[in-house]
Structure formats: structure tokens, C-alpha cells
Amino acid sequence: MDVDMATDAPDVEADRVDLLLERFNDCGLAKDLTVEDLRGAKVSPPFRSFTVELVQAISQLTSYCPPDSLKDFTAAQSAVSKAASTADSASGGRLERALARVLRALDAATPPVTVRLDVLEQLVDNLQAFRLVATPIIAQSEQAAPCAGSSTLDEAMDVDSAEPKQGASPEAFAQMSADLRALHAALHPNAQSTVAQTSAPLLMADLAREIQVKLAQLPANHLAPLLRRDSLSPAQLARLSEVHRVLQPEYTMRRDMLIKRVTLTLQSFMWSKRAKDKQSELSALFRQMTEELKPEPNVVLDDVFRASI
């Protein structure tokens, strides 16, 4: 019996397109984008608008992750806007070539690519990597020295500088760098890599790709609940509800005991010599903390059906 093995072969490109669309959704850029926009050669109005927004999103992060050539990046961004302005200017691969110019401006070592799917995958790699690098810097800068009325990424940093404004300490950058390289080593345990000389944006792009690969290897239901409500019979549900009811007093007793221990621990702080001058402040603080602790348990029956690996 002859079997057509081709019909059972996985559609790798379809999987790439689905994953890419999901990543753009995560970035808040997909909007009216369709699978056909990513997979085909058409240049629909939503796709043209999307490419401009994508490059603009990357541009907002170049203060944190400077491109190899800011001049070339600016020119490439203009080329994308021009190519995306009309269907005629975007057709014939012109829009894809303009997007490829953005890639080369970000990283001069990028191999030449003009296939739409390849270009878009590498662009979203850069965008997600840049965001991962920029987010903790922005958070730390805003916490240490918030800019009044600042709501954009460029306002939180000097646009023409790769260095963060006051507030992001060298120790924080060193720790972030060490964490990134440790994660890279964990994902590539046998690799002979020159990761120590790799820039943060390129390292993040590689990590983003590797994490997506690892996630794709997980079973589709790896986060599914261990027990579904509809898998139990009415009698089993009734028995489970009875067990839950019987355990409620046990939960209450344990929480009440824990609260009493916490209260005694807090009171012991009041005996410290250093606390004598702040008795009223500490008393108010401890009272507020203990009042928020209630002996009533917050365990509900539905917690059973939310549990997963």
C-alpha cells in the first residue's frame, strides 16, 4: 500500500508564520495583520502600515541599543516609510529590501536577506531584545530620578547617547549582563561561544530565538490544569466539596496560629533599645500590619481545578 508521506509532513512555514504573528501580537503591533500578509507577497494597506510601526517601535529603543550605524538606520527608516506609502512603491520586493536595510543598519554583520518572512523574524528578534534590555533601565531611571511628564522612551534618556541618565548604576548593568550571559549558557550548555564579546542586543536576539524554540518543543497542554471539573462525576464533586468543607477549620486554625506568631515577633521588636524613641510610630505600623491579617482562609474549591505543573 502506497502512502503519500508528503501529506503528513509538517508545514514548517505555517508554524513559523503562526509563531511570528503571535510575537507581533505580544508586541502590540499585529492589529489587522493576517497570515497572508506575512506569508504571501501582497502588500496590503494594513501590512504597509504595520512595517512603518514596526520600524518606529525599534527606533524608539535605539537610545538604549544603538545601531551599528545611526545614520544608515535613519536613512533605512525613511526608505521604509517611502516604500510603504503606496502599493506601487511597496511592490516588487521594494518594501522587503527597505526593511532589510534596517536590519543591516542595526547590525552590519547581518547576512543579506530579502525574503519577507526571514526579514520580519529578524526584525522582531531585535525589537523584543531591545525591549528586554531597555525595560529595566527605564524602570530604574524612573524610580531614581523620574522625569516630570515623561511618557516616552526618548524622554527617559538622552536620544543621542547610548548611556542611561542618572539613576541606572553600573552595578545594575553588570548584574543584568551577568544574568543574560548565564541564561545564554544555560540554553547552550555545550556551545563553544564567544558570548563574552557579544553585544547585549545581539545576545538578547539569540536568547529570544532560543526561548521560542524551547517553548515550541513543549506539549501543547503543558500548562493545562491537572484536574478538570468536568472530569469528575457529581458524586466525586460532592465528596470533594465535603473534604474542602471539613478542612476549612484546619486552615483557619493554622492561619490564626501564624498571625499570633507574627504579632509576638513584631512586639519583640518594641523591646529593642533603638525602638524606644519610636514607640508610637512602630505601634501604628505593627497595628496596621496585623489588622490586615485575617484568620479566615482564602482557599476556595476552584483552586483544585486551577492547579497545574
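Throughout what follows, the structure given in this document is the object of discussion.

Regarding the packing of helix H4 (residues 70–83) against helix H6 (residues 94–106)
Part 1 of the reasoning: Look at H4 against H6: their axes get within 8 Å of each other, and the N-to-C directions meet at 165 degrees. As judged from the angle between their axes, H4 and H6 are roughly antiparallel. Considering the relative orientation of H4 and H6, their crossing is left-handed. Contact with H4, carried on its side by Asp72, Phe73, Ala75, Ala76, Gln77, Ala79, Val80 and Ala83, involves Arg94, Leu95, Ala98, Leu99, Arg101, Val102, Ala105 and Leu106 of H6 and no other residues of that element.
Part 2 of the reasoning: In terms of residue class, the contact of H4 with H6 is built from 12 nonpolar, one polar and three charged.

Here's the deal with the nonpolar core
Part 1 of the reasoning: By size, the foremost hydrophobic cluster in this structure holds 54 residues, and its most contacted members are Phe24, Leu54 and Leu120.
Part 2 of the reasoning: Residue contacts for Phe24: discarding those within four places in its chain leaves Leu29, Ala30, Leu33, Leu38, Phe50, Leu54, Leu120 and Val124.

Regarding the pattern of salt bridges
Part 1 of the reasoning: Here the structure, examined in full by the defined rule, presents 10 salt bridges.
Part 2 of the reasoning: A salt bridge links Asp230 to Arg228; the nearest nitrogen and oxygen atoms lie 2.7 Å apart. Across the pair, exposure class does not vary: Asp230 and Arg228 are exposed alike.
Part 3 of the reasoning: Arg306 is paired through a salt bridge with Asp303; the nearest N and O atoms lie 2.7 Å apart. Here the residue Arg306 and the residue Asp303 both occupy positions in helix H12 (residues 303–306), the gap between them amounting to three residues, near one helical turn.
Part 4 of the reasoning: Using a relative accessible area of 55% as the deciding quantity, one classes Arg306 as exposed.

Notes on a negative patch on the surface
Part 1 of the reasoning: A surface patch of like charges, here negative, comprises Asp15, Asp18, Glu22 and Asp26.
Part 2 of the reasoning: For Asp26, the location among the structural elements is in helix H1 (residues 12–26).
Part 3 of the reasoning: Relative accessible area serves as the criterion here: at 58%, Asp26 is assigned to the exposed category.

What counts, and at which threshold
Residues numbered from 1 in each chain as written. Predicted model: local features only at pLDDT ≥ 70, side-chain atom pairs only at ≥ 80, totals over all residues. Heavy atoms only, no water. Axes fitted to C-alpha atoms, helices over the stretch in contact; angles between N-to-C directions. Helix = DSSP H or I, 4+ residues; strand = E, 2+ residues; numbered from the N terminus. Parallel < 35°, antiparallel > 145°, perpendicular 65-115°, else oblique. Left-handed = near helix turned anticlockwise from the far one by under 90°. Contact = heavy atoms within 4.5 Å. Nonpolar A, V, L, I, M, F, W, Y, C, P; charged D, E, K, R; others polar. Core = buried A, V, L, I, M, F, W, Y, C linked by side-chain atoms within 4.5 Å. Buried < 20%, exposed > 50% of the residue type's maximum accessible area, 1.4 Å probe, protein only. Salt bridge = Lys/Arg side-chain N within 4 Å of Asp/Glu carboxyl O. Patch = residues over 30% accessible without salt bridge, like charges linked within 9 Å, V, L, I, M, F, W, Y side chains within 5 Å. Areas by Shrake-Rupley, 256 points an atom, 1.4 Å probe, with all protein chains shown as cover. Lys, Arg positive; Asp, Glu negative; His and termini not counted. Charge placed at Lys NZ, Arg CZ, Asp CG, Glu CD.

Purely geometric numbers; function is a separate question.
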